[in-house]
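If you want the building blocks of each chain, they are given just below.
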Amino acid sequence: MSGCVLKNSNEAATQEELPPQWQQSQDNLNRLTTPTSYDYIHELDDETLYAAYESILANSQCPAVEDEQLAARNEQFFEQYQSDFMQGVFSINNIARELNRIQINLLMEDARVRASGDSELLTQAQRDVINTYQTRDDGMTVHPDDINPDLLKEVQTAFPHHPVARIDFGEVDLEDRFRVLELFWEVDEAFEIRLGVDCSQLNSQVGRVLDALESRS
């Protein structure tokens, strides 16, 4: 995913009240980006994240491990860490939904200003990007194809005095958040393509993830 350098600790966003529409988005983001005990997952490398999510998805389809040592390691991961990885995905998904809501609000504002004869807020290319967003599954899940923080960065740069330029996305970079979501979707879609899992790899994958997690201590 391309880089994103949106400001994550923007004091102006808290010092000066935003217009109601944008303040609602900021309030939502403040709630969604409050530091959590599972923020460490954003610091893990791609290989570890992929192995973690593949292990979680495969676990329900694989038989119990007979080897006591391996079984203990697996139990440690699924009892101690699985909820962190899944809560992380749900949290990032909600932040992605808020980002898309912000961009749709920009699209609607752009339509109003153009209708009144003022200069456009978005370029035609940016409008096209937002208009391609699709609703997935139950409408609650955001696919990486519908995440475009670079578009918002372009608007913030072009209109530094617009309220949207003061939106604060929290301490964790959006690029790191959405990288996790993208890897989860990559694992999920690979499962659908294979229509099955390789249970012989589960133990080694869990071991690699635990090694990476324990090395952080």
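Residues numbered from 1 in each chain as written. Predicted model: local features only at pLDDT ≥ 70, side-chain atom pairs only at ≥ 80, totals over all residues. Heavy atoms only, no water.

1. Re the packing of aromatic side chains
Heads up, the condition is: Two rings from Phe, Tyr or Trp (for Trp, the six-membered ring) form a pair when their centres sit within 6.5 Å of each other. Planes less than 30 degrees apart are called stacked, planes more than 60 degrees apart edge-to-face, and all others tilted. Secondary structure follows DSSP: runs of H or I at least 4 residues long count as helices, runs of E at least 2 residues long count as strands, and numbering of each begins at the N terminus. The buried label goes to any residue with under 20% of its type's maximum accessible area, the exposed label to any with over 50%, and the partly exposed label to all in between, with areas taken from a 1.4 Å probe on protein chains only.
In total, this model carries four aromatic pairs according to the counting rule given. Centre to centre, the rings of Tyr 53 and Phe 184 are 5.3 Å apart; their planes meet at 80 degrees, and the pair counts as edge-to-face. Residue Tyr 53 is found in helix H3 (residues 46–59), and its partner Phe 184 is found in helix H8 (residues 174–194); the two are separated by 131 residues along the sequence. Both residues of the pair, Tyr 53 and Phe 184, count as buried. Ring geometry for Phe 77 and Phe 78: centres 5.0 Å apart, planes at 70 degrees, overall edge-to-face. Phe 77 gets classed as buried once you look at its relative accessible area, which sits at 0%. By the ring-pair criterion, three or more aromatic residues cluster together here, those being Tyr 53, Phe 77, Phe 78, Phe 85 and Phe 184.

2. Quick word on empty space enclosed by the protein
Where we set the bar: As defined here, a cavity is a set of points on a 1 Å grid over the protein atoms alone where a 1.4 Å probe fits but cannot get out. A pocket is an open set with protein on both sides within 12 Å along at least five of seven lines, and residues line them when an atom is within 4 Å of a point. Grid points are joined across faces, edges and corners, and a volume is the space filled by probe spheres set on the points. Lys, Arg, Asp and Glu make up the charged group, whereas Ala, Val, Leu, Ile, Met, Phe, Trp, Tyr, Cys and Pro make up the nonpolar group; the residues left over, Gly among them, are polar.
In this structure the tally under the stated criterion is one cavity of 30 Å³ or more. The computed volume of the largest cavity comes to approximately 40 Å³. Every residue lining the largest cavity is listed: Leu 32, Thr 33, Thr 34, Thr 36, Tyr 38, Asp 39, His 42, Gly 88, Ser 91, Ile 92 and Arg 177. Looking at the lining of the largest cavity, the element that brings in the most residues is helix H5 (residues 82–115), giving three residues. Split by residue class, the lining of the largest cavity holds three nonpolar, six polar and two charged.

3. Details of the state of the cysteines
This is how the line gets drawn: Whenever a pair of cysteine sulfur atoms sits within 2.5 Å, that pair is classed as a disulfide.
Inspection of every chain in the model, using the stated rule, returns one disulfide. Note that Cys 62 is cross-linked by a disulfide to Cys 199, the S-S spacing being 2.2 Å. Because the torsion about its S-S bond is -90 degrees, the bridge between Cys 62 and Cys 199 counts as left-handed. Here the residue Cys 62 occupies a position in the loop between H3 and helix H4 (68–80), and Cys 199 occupies one in the loop between H8 and helix H9 (202–215), the gap between them amounting to 137 residues.

4. A few points about the nonpolar core
Quick note on the threshold: Throughout this description, the term nonpolar core refers to a set of buried Ala, Val, Leu, Ile, Met, Phe, Trp, Tyr and Cys residues connected via side-chain atoms within 4.5 Å. Only heavy atoms matter for contacts: two residues are in contact if any of them lie within 4.5 Å across the pair.
If you look at the biggest cluster of nonpolar residues, it comprises 54 residues, and the most contacted ones within it are Tyr 53, Phe 77 and Phe 85. Of all the secondary structure elements, the ones that give two or more residues to this core are helix H2 (20–32), H3, H4, H5, helix H7 (149–158), H8 and H9. No other element matches H5, which puts 10 residues into this core. Residues contacting Phe 85, with those up to four places away along its chain left out, are Ile 41, Leu 44, Leu 49, Ala 52, Tyr 53, Ile 56, Phe 77, Val 209 and Leu 213.

5. Topic: the confidence of the model for the protein chain
Filter applied, for reference: For every residue, the predictor states its confidence as a pLDDT score lying anywhere from 0 to 100.
Put simply, the protein chain has an average pLDDT of 86, and 88% of its residues get 70 or more. Under a pLDDT of 50 for its full length, residues 1–5 has, in the predicted model, 12 contacts with residues more than four places off or in other chains. In this model, residues 9–15 is a region of pLDDT below 50 whose contacts with residues beyond four sequence positions or in other chains number eight contacts.

6. Section: the packing of H3 against H5
Test applied: With axes taken as lines fitted to C-alpha atoms, and helix axes fitted only over the stretch in contact, angles between N-to-C directions fall between 0 and 180 degrees. Each angle gets one of four labels, with under 35 degrees taken as roughly parallel, over 145 as roughly antiparallel, 65 to 115 as roughly perpendicular, and the rest as oblique.
It is the contact of H3 with H5, at a shortest axis distance of 11 Å, that shows an interaxial angle of 105 degrees. Viewed along their axes, H3 and H5 adopt a mutual orientation that is roughly perpendicular. Contacts from Leu 49, Ala 52, Tyr 53 and Ile 56 in H3 reach Gln 82, Phe 85, Met 86 and Val 89 in H5. For the contact of H3 with H5, a count of residues per class yields seven nonpolar, one polar and no charged.

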